[in-house]
Amino acid sequence: MGTDIGTTLLPRDVPNLSVRRHDVVQEDFPAASFDLVHARALLEHLPERAEVLGKMARWTAPGGWVCVETVMAVHPPSGTRNAYQRCLNAVFTLSENVMGTDQRWGTALPGLLSQAGLTDIGVHCTPGLVGRNGNADAFLRLSLEQIGPALVRARLTTPEELTECTDLLEGGKYTDLALMTLSAWADAPATDSP
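Everything numeric here is computed off the predicted structure, so don't read it as measured data. (Residues numbered from 1 in each chain as written. Predicted model: local features only at pLDDT ≥ 70, side-chain atom pairs only at ≥ 80, totals over all residues. Heavy atoms only, no water.)

**Q** What should I look at first to understand the packing of helix H4 (residues 137–153) against helix H5 (residues 159–170) in this one?
**A** Each packed pair of helices is defined by two parameters, the angle between the axes and the distance between the axes. As a packed pair, H4 and H5 sit with axes 10 Å apart at the nearest point and diverge in direction by 170 degrees. Our classification of the angle between H4 and H5 gives roughly antiparallel. The handedness of the crossing between H4 and H5 comes out as right-handed. Here H4 contributes Leu 140, Arg 141, Leu 144, Gly 148, Leu 151 and Val 152 to the contact with H5, which in turn contributes Pro 159, Leu 162, Cys 165, Leu 169 and Glu 170. Per-class residue counts for the contact of H4 with H5 are eight nonpolar, one polar and two charged. (Axes fitted to C-alpha atoms, helices over the stretch in contact; angles between N-to-C directions. Helix = DSSP H or I, 4+ residues; strand = E, 2+ residues; numbered from the N terminus. Parallel < 35°, antiparallel > 145°, perpendicular 65-115°, else oblique. Left-handed = near helix turned anticlockwise from the far one by under 90°. Contact = heavy atoms within 4.5 Å. Nonpolar A, V, L, I, M, F, W, Y, C, P; charged D, E, K, R; others polar.)

Here it is in structure tokens:
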């Protein structure tokens, strides 16, 4: 089952996949409903992230797995900054101060999974590079397109700086580290047989 608060972008033609509208904050599933419970780039945006992680652990059947992927900000260094670094900081500032995103929350995931009673915890980090066809190019381009007007309205950047940033990234001579995707997983302990 694939769930989201808005399901219009979820695929409908995948074998053995049903799609359901579901609000992880307000709604629940019965305990031990799934063998795998996965969330990607979601919990860092929810003020109720700890409660939702607890729900995810409860929804996982004994012997099943919880997997959480979270995007963590890599803030540019202080000092001289180019248009890309200034725009990236604007994105992070808007997401943290206006949308309530916690860009550092992922560092607590291993401990939170353990506190939820899960075991066999694993972690993997993937750097997100931009420029020169980096693996985070599309993510950053879409982010700037979608929230660029809000960045300008909040006076965090200017239209000219957004254009300069895009030109820099598409010029083929610049690359930088934008983010880290942290994937953490753990299993729900199997119940003891009588």
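Structure shown, so let's carry the discussion forward.
**Q** What's the story with the side chain of Asp 137 in this structure? I'm lost.
**A** Mapped onto the elements of the fold, Asp 137 is located in helix H4. For the buried Asp 137, which has no salt bridge, the nearest side chain bearing the opposite charge is Arg 141, at an N-O separation of 5.2 Å. One polar contact links the side chain of Asp 137 to the main-chain amide nitrogen of Asn 133, over a distance of 3.2 Å. Once residues within four sequence positions are removed from consideration, Asp 137 is found in contact with Leu 129, Val 130, Gly 131 and Arg 132. (Buried < 20%, exposed > 50% of the residue type's maximum accessible area, 1.4 Å probe, protein only. Lys, Arg positive; Asp, Glu negative; His and termini not counted. Salt bridge = Lys/Arg side-chain N within 4 Å of Asp/Glu carboxyl O. Polar contact = N/O pair within 3.5 Å; in protein donor to acceptor, adjacent residues only side chain to side chain.)

**Q** It is not clear to me how the sheet that holds strand E3 (residues 34–40) should be interpreted in this structure. Could you clarify?
**A** Each strand in a sheet pairs with another by means of backbone hydrogen bonds, the pair being arranged parallel or else antiparallel. Pairing is mixed across the open sheet formed by four strands, whose spatial order is E3-E4-E6-E5. The sheet is open, and its two edges are formed by E3 and strand E5 (119–130), each paired on a single side. For this sheet the average axis-to-axis angle between neighbouring strands, irrespective of direction, equals 10 degrees. With nine bridges connecting them, strand E4 (residues 60–73) and strand E6 (residues 176–187) associate as antiparallel partners. Each residue of the ladder has a partner; that of Val 66, found in E6, is Ala 186. Packing against the sheet, helix H1 (residues 49–59) makes contact with E3 and E4, and its axis sits at approximately 150 degrees to E4. (Pairing = 2+ DSSP bridges.)

**Q** Explain the pairing of E6 to me, please; I cannot follow it from the model alone.
**A** If a strand is regular, its side chains alternate between the two faces of the sheet. Of all twelve residues in E6, nine are buried; the element is thus mostly enclosed. Bridging between E5 and E6 involves ten bridges; their strand directions are antiparallel. Following the sheet pairing, Gly 128 is matched in E6 by Leu 179.

**Q** I would appreciate a short explanation of the environment of Glu 96 in the present structure.
**A** Checked against the element boundaries, Glu 96 lands in helix H2 (residues 83–97). Its relative accessible area of 23% is what places Glu 96 among the partly exposed residues. Residues Glu 96 and Glu 51 lie 45 residues apart in sequence; the distance between their C-alpha atoms is 19 Å. When sequence neighbours within four positions are dropped, the list of residues in contact with Glu 96 reads His 75, Thr 101, Gln 103 and Arg 104.

**Q** Even after reading the chapter, I still don't get H4, so can you show me in this structure?
**A** Since the α-helix turns once every 3.6 residues, residues separated by three or four places project in the same direction. Its 17 residues place the ends of H4 24 Å apart at the C-alpha level, agreeing with the 24 Å of an ideal helix rising 1.5 Å per residue. A maximum bend of about 55 degrees is found in H4 at Ile 147, where proline Pro 149 lies one to four positions downstream. Turning to H4, its buried residues are Asp 137, Leu 140, Ser 143, Leu 144, Ile 147, Gly 148 and Leu 151. At its buried positions, H4 is contacted by H2, E5 and H5. The positive-phi residue at the C-terminal boundary of H4 is Arg 155, with phi of around 60 degrees. (Expected span 1.5 Å × (residues − 1). Bend = angle between axes of the 7 residues up to and from the residue.)

**Q** Would you take a moment to explain the packing of aromatic side chains for this structure?
**A** Given two aromatic rings, one states the distance between the centres and the angle between the planes to describe the pair. Enumeration over the complete set of coordinates arrives at three aromatic pairs. One aromatic cluster is present, formed by Phe 29, Phe 34 and Trp 59 through successive ring pairs. (Phe/Tyr/Trp six-rings, centres within 6.5 Å; stacked < 30°, edge-to-face > 60°.)

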